[in-house]
Amino acid sequence: STQCSADLTQVRGCNPSPCTTNCMTGKWSAWSNCTQTCGGGQKVRTRPILQASSADGAGCPETIAIAACGDQDCARDCRVTGWGDWSKCTKSCSGGKMTRNRLILQNATYNGKKCPPLSQTVACNEVKCG
């Protein structure tokens with residue numbers, strides 16, 4: 001009997017190009033809290049890349065989404081100036097009135113604190129005439 005000493009198997013590489021793999025992403029996360037409760041803010045959500053693309057595979061879609069939120073106007077309280085000077089008394093005797101006023105610097109908006117009284121009146125010269 002004759003014994004064969006030659007290799008009966010030959011291995012040769014094939015398909016030298018890498019395999020095409022498309023990107024795969026996971027589910028979107030919940031939206032984050034808004035960065036502002038009023039006056040304009042942003043919220044963010046993300047999704048993970050489960051498998052990156054390779055070779056000529058389809059690239060990954062966006063993995064971060066940003067949306068506007070908190071865009072309602074902020075409440076602003078009324079702001080007023082300090083009191084002005086008292087007026088002269090309306091009578092020299094038998095009870096007159098003096099008044100002082102102040103001005104609005106900023107009106108209240110969106111449930112802000114309302115303006116306080118803008119005028120004060122007090123009695124003066126209450127001694128009876130004559």
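Residues numbered from 1 in each chain as written. Predicted model: local features only at pLDDT ≥ 70, side-chain atom pairs only at ≥ 80, totals over all residues. Heavy atoms only, no water.

Undergrad: Where do I start with the overall build of the protein in this structure?
TA: Along the backbone of the protein there are 0 helices and 8 strands. Tracing the protein from N to C terminus, the helices and strands come up as β-β-β-β-β-β-β-β. The C-alpha radius of gyration computed for the protein amounts to 41 Å, which surpasses the reference 14 Å derived for 130 residues by more than 25%, pointing to a less compact arrangement than a globule. Based on the C-alpha atoms only, the size of the protein along its principal axes is roughly 160 × 20 × 15 Å. Split into buried and exposed, the 130 residues of the protein put 12% on the buried side. Nonlocal contacts in the protein, meaning residues at least 24 apart in sequence, comprise 62% of its contacts between residues at least 6 apart. By element, 50% of the accessible surface of the protein is carried by carbon and sulfur atoms, the whole surface being about 10,600 Å². Each charge class in the protein can be summarised by its mean position, and for the 15 positive and 8 negative side chains these summaries are 17 Å apart. (Helix = DSSP H or I, 4+ residues; strand = E, 2+ residues; numbered from the N terminus. Rg over C-alpha atoms; globule rule 2.2 N^0.38 Å. Buried < 20%, exposed > 50% of the residue type's maximum accessible area, 1.4 Å probe, protein only. Contact = heavy atoms within 4.5 Å. Areas by Shrake-Rupley, 256 points an atom, 1.4 Å probe, with all protein chains shown as cover. Lys, Arg positive; Asp, Glu negative; His and termini not counted. Charge placed at Lys NZ, Arg CZ, Asp CG, Glu CD.)

Undergrad: Explain the environment of Y110 here, please?
TA: By the secondary structure assignment, Y110 is in the loop between β7 (104-106) and β8 (119-124). What makes Y110 exposed here is its relative accessible area of 51%. As for Y110 and Q72, which are separated by 38 residues in sequence, their C-alpha atoms are 9.1 Å apart. Filtering out sequence-adjacent residues up to four positions away, Y110 remains in contact with D73, C74 and A75. Within the local environment of Y110, its side chain forms a polar contact with the side chain of D73, the two groups lying 2.8 Å apart. (Polar contact = N/O pair within 3.5 Å; in protein donor to acceptor, adjacent residues only side chain to side chain.)

Undergrad: Whenever I open this one, the packing of aromatic side chains confuses me. Can you help?
TA: The relation between two aromatic rings is expressed through the spacing of the ring centres and the mutual angle of the planes. Taken as a whole, this structure holds 0 aromatic pairs when the rule is applied. Positioned over the ring face of W28 is R45, at 4.6 Å from the centre of the ring. (Phe/Tyr/Trp six-rings, centres within 6.5 Å; stacked < 30°, edge-to-face > 60°. Lys NZ or Arg CZ within 6 Å of the ring centre and 35° of its normal.)

Undergrad: Honestly, a nonpolar patch on the surface in this entry has me stumped. Any pointers?
TA: Taken together, the side chains of V44, I64 and I66 make up a nonpolar region of the molecular surface, amounting to roughly 250 Å² of accessible area. Note on placement: V44 falls in strand β2 (residues 41-46). Accessibility expressed as a relative area gives 30% for V44, which makes it partly exposed. (Patch = residues over 30% accessible without salt bridge, like charges linked within 9 Å, V, L, I, M, F, W, Y side chains within 5 Å. Salt bridge = Lys/Arg side-chain N within 4 Å of Asp/Glu carboxyl O.)

Undergrad: Whenever I open this one, the state of the cysteines confuses me. Can you help?
TA: Cysteine pairs can be covalently joined through their sulfur atoms, and such a bond is termed a disulfide. The tally for this structure, following the rule as stated, stands at 6 disulfides. If the cysteines joined by disulfides in the protein are listed in sequence order, their pairing comes out as 1-4, 2-5, 3-6, 7-10, 8-11, 9-12. (Disulfide = S-S within 2.5 Å.)

Undergrad: Hey, could you run me through the side chain of R102 in this one?
TA: Looking at where R102 falls in the secondary structure, it is placed in the loop between β6 (96-101) and β7. Buried charge R102 goes without a salt bridge, the closest partner of opposite sign being D85 at 14 Å. A distance of 2.9 Å separates a polar atom in the side chain of R102 from the backbone oxygen of P117. Not counting the four nearest positions on each side in its chain, R102 is found in contact with V80, T81, G82, W83, P116, P117 and L118.

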